[in-house]
Amino acid sequence: MASTAVKVAGAVKDISPLYYRILSKFPQNFTFCFAYGSAVKPQIGNQKKHNMIDLIYCVDNSYRWHGANIEMNPSHYSALRFLGKGFVARFQENWGAKVYFNTLVDIKEENVTIKYGVVSQKDLIADLLDWNDLYLAGRLHKPVEIIKQTNSSHLQNALQSNLRSAVHTTLLILPETFSEYDFYFAISNLSYAGDFRMTFGENKNKVRNIVQPQLLNFRELYRPILQQFHAYVDFPTGDAQCHQDLNPETKLHHLMQLPMVPQQRIVKFWNHGGLQQDMEDVLRAVAYDIDCAVILRQILKDLVWQSSVRQSLKGIPTAGILKSIRYSAKKIAKMF
């Protein structure tokens, strides 16, 4: 199959024309688009030919985009479309992880099934910078297929900041010595540990299945980011072990670089039932605490649990009851 070349992070990358044919069936006023999931990136034990393609459309104006899409593709929506584009846009931006999904959409002429989410650019940037929900920010910790690059420097900077935050967080969780696989496994697990959907409907080995076949893609994604961390961690080439500095002052540096929401949650956790210390004092105390990694893991687990539950509940009215049952059945079937 012929392919189209696009520039991705300074490199030229081939993108299947299939994605452009799919995108042509939607309103074109979106600012950024990426595909993810097992149909896009290889996963162990999930090489089925007809896996569903997952897409995210980032839009400037959710109201206008849904209005145009409801006209073009009314069958993609549940009965919520009858409440109007204003309701759909408000439901997207005010509930769950601020993403509106239409699932099990058949593109018959391409013989593919897709699920697509719509997010406003302001909400995507907020999640990337602050980890409000660690939802799409978590998706973007892992290799994805960028279908349309953003022209927004603000969004581009937020995408890079999200990767840096993932590295700071992962180094706080890992021991002094670890393998390259351990590092990328820990990064991928940030947004899966605590995910409500991992309780049922997802393969318990999902993180391993994502990381193992994609080590080269992870390397390519994080290489420019890791060049900024030479003072804190040694990433040798080949199979040699990685070593990081576990000095409390280094841990404090990582904690100070965390996104705002995990920082605030650490402060709330630390101050619970005791003295009300400010953020800098709390982060310094946590940096010197032997349970620093345990505390951070629990904070992130709680954050991911809450956002995944809210988004999963939101998926019932956006998909409709029948599609929700079919989607859940497909997820469970993939486990066996």
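A short tour of the structure in this document, coming up. Keep in mind it's a predicted model, so treat the numbers as computed, not measured.

### Thoughts on the sheet that holds strand E4 (residues 53-59)
And step 1. Strands sit in the order E5-E6-E4-E3-E7 across an open sheet of 5 strands; the sheet is mixed. Two strands bound the open sheet, and with one partner strand each, they are strand E5 (100-107) and strand E7 (145-148). Strand after strand, the sheet turns through a mean of 25 degrees between neighbouring axes, direction not considered.
And step 2. Relative to strand E6 (residues 112-120), E4 runs parallel, the two sharing 7 bridges.

### Some details on the packing of aromatic side chains
And step 1. For the coordinates displayed, the defined rule picks out 20 aromatic pairs.
And step 2. Aromatic pair Phe 26 and Tyr 116: ring centres 4.7 Å apart, planes at 75 degrees, arrangement edge-to-face. Of this pair, Phe 26 sits in the loop between helix H1 (17-23) and strand E3 (30-36) while Tyr 116 sits in strand E6, and the two are 90 residues apart along the sequence. The two residues Phe 26 and Tyr 116 agree in class, both being buried.
And step 3. Aromatic side chains Trp 65 and Tyr 116 sit 6.5 Å apart centroid to centroid with 70 degrees between the ring planes, which places their arrangement in the edge-to-face category. Of this pair, Trp 65 sits in helix H2 (residues 62-72) while Tyr 116 sits in strand E6, and the two are 51 residues apart along the sequence. Each of the two residues, Trp 65 as well as Tyr 116, counts as buried.
And step 4. In this structure an aromatic cluster arises from ring pairing among Phe 178, Phe 183, Tyr 184, Phe 218, Tyr 222 and Phe 235.
And step 5. Just above the ring of Phe 101 sits the side chain of Lys 115; from NZ or CZ to the centre is 5.0 Å.
And step 6. In this structure, Arg 139 packs its charged tip against the face of Tyr 135, placed 4.8 Å from the ring centre.

### Quick notes on unusual backbone geometry
And step 1. The residue Lys 98 is not glycine, and still its phi comes out positive at about 65 degrees.
And step 2. Along the chain, Lys 98 turns up in the loop between helix H3 (85-94) and E5.
And step 3. Accessibility expressed as a relative area gives 26% for Lys 98, which makes it partly exposed.
And step 4. Positive phi is not limited to glycine here, since Trp 131 has a value of about 55 degrees.
And step 5. Positionally, Trp 131 belongs in the loop between helix H4 (121-130) and helix H5 (136-139).

The rules we used
- Residues numbered from 1 in each chain as written.
- Predicted model: local features only at pLDDT ≥ 70, side-chain atom pairs only at ≥ 80, totals over all residues.
- Heavy atoms only, no water.
- Pairing = 2+ DSSP bridges.
- Helix = DSSP H or I, 4+ residues; strand = E, 2+ residues; numbered from the N terminus.
- Axes fitted to C-alpha atoms, helices over the stretch in contact; angles between N-to-C directions.
- Phe/Tyr/Trp six-rings, centres within 6.5 Å; stacked < 30°, edge-to-face > 60°.
- Buried < 20%, exposed > 50% of the residue type's maximum accessible area, 1.4 Å probe, protein only.
- Lys NZ or Arg CZ within 6 Å of the ring centre and 35° of its normal.

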